[in-house]
Amino acid sequence: MRRDRICEQIRRELAEVIRTELRDPRVGMISLTEVHISADYAHAKVYFSSLAGSEHLDSLQLGLHKASGFLRSELGKRISIHTTPQLHFIFDESLERGAQLSKLISEAVAISDHTDPPEPA
């Protein structure tokens, strides 16, 4: 589907611009996980994750918001669609939630390993 290809191209191009050209110290190492574009191509929700942790999330989002005009103009130079979308950055909590669930599962396994199984009757 055309929209899926455009979303993936936007994700790749934005990741490259952020990695190579964005100089805002608030925006460190981030991963762009997904892009959803509106039907009229006017708005794009850009989902990102970061290893910096949730304590730095506010400054990270502020940095991305401040850079969105620059990122949009760079995106317009790199891809050819009739409208370069407004960029809306949204923190993707799925990786953090997955790490928390893995930790809980590991703790549950460790607890169950320490309890002796009941004797068969």
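We now turn to the structure provided with this report. (Residues numbered from 1 in each chain as written. Predicted model: local features only at pLDDT ≥ 70, side-chain atom pairs only at ≥ 80, totals over all residues. Heavy atoms only, no water.)

So, the environment of Ile90
The residue Ile90 is located in strand β3 (residues 86–91) in this model. You can call Ile90 partly exposed: its relative accessible area is 28%. Taking the C-alpha atoms as reference points, Ile90 and Leu32, separated by 58 residues in sequence, lie 9.8 Å from one another. Ile90 has contacts with Lys45, Val46, Tyr47, Phe48 and Gln61, leaving out every residue within four places of it along the chain. (Helix = DSSP H or I, 4+ residues; strand = E, 2+ residues; numbered from the N terminus. Buried < 20%, exposed > 50% of the residue type's maximum accessible area, 1.4 Å probe, protein only. Contact = heavy atoms within 4.5 Å.)

A closer look at the side chain of Asp24
Tracing the backbone shows Asp24 in the loop between α1 (2–20) and β1 (30–37). By relative accessible area, which is 16% here, Asp24 ends up buried. Only 2.8 Å separates the side chain of Asp24 from the side chain of Arg26, close enough to count as a polar contact. (Polar contact = N/O pair within 3.5 Å; in protein donor to acceptor, adjacent residues only side chain to side chain.)

A look at unusual backbone geometry
Of note in the backbone geometry, Tyr41 takes a positive phi value of approximately 65 degrees without being a glycine. Looking at the element boundaries, Tyr41 is found in the loop between β1 and β2 (43–50). Looking at Tyr41, the relative accessible area reads 10%, which means it is buried.

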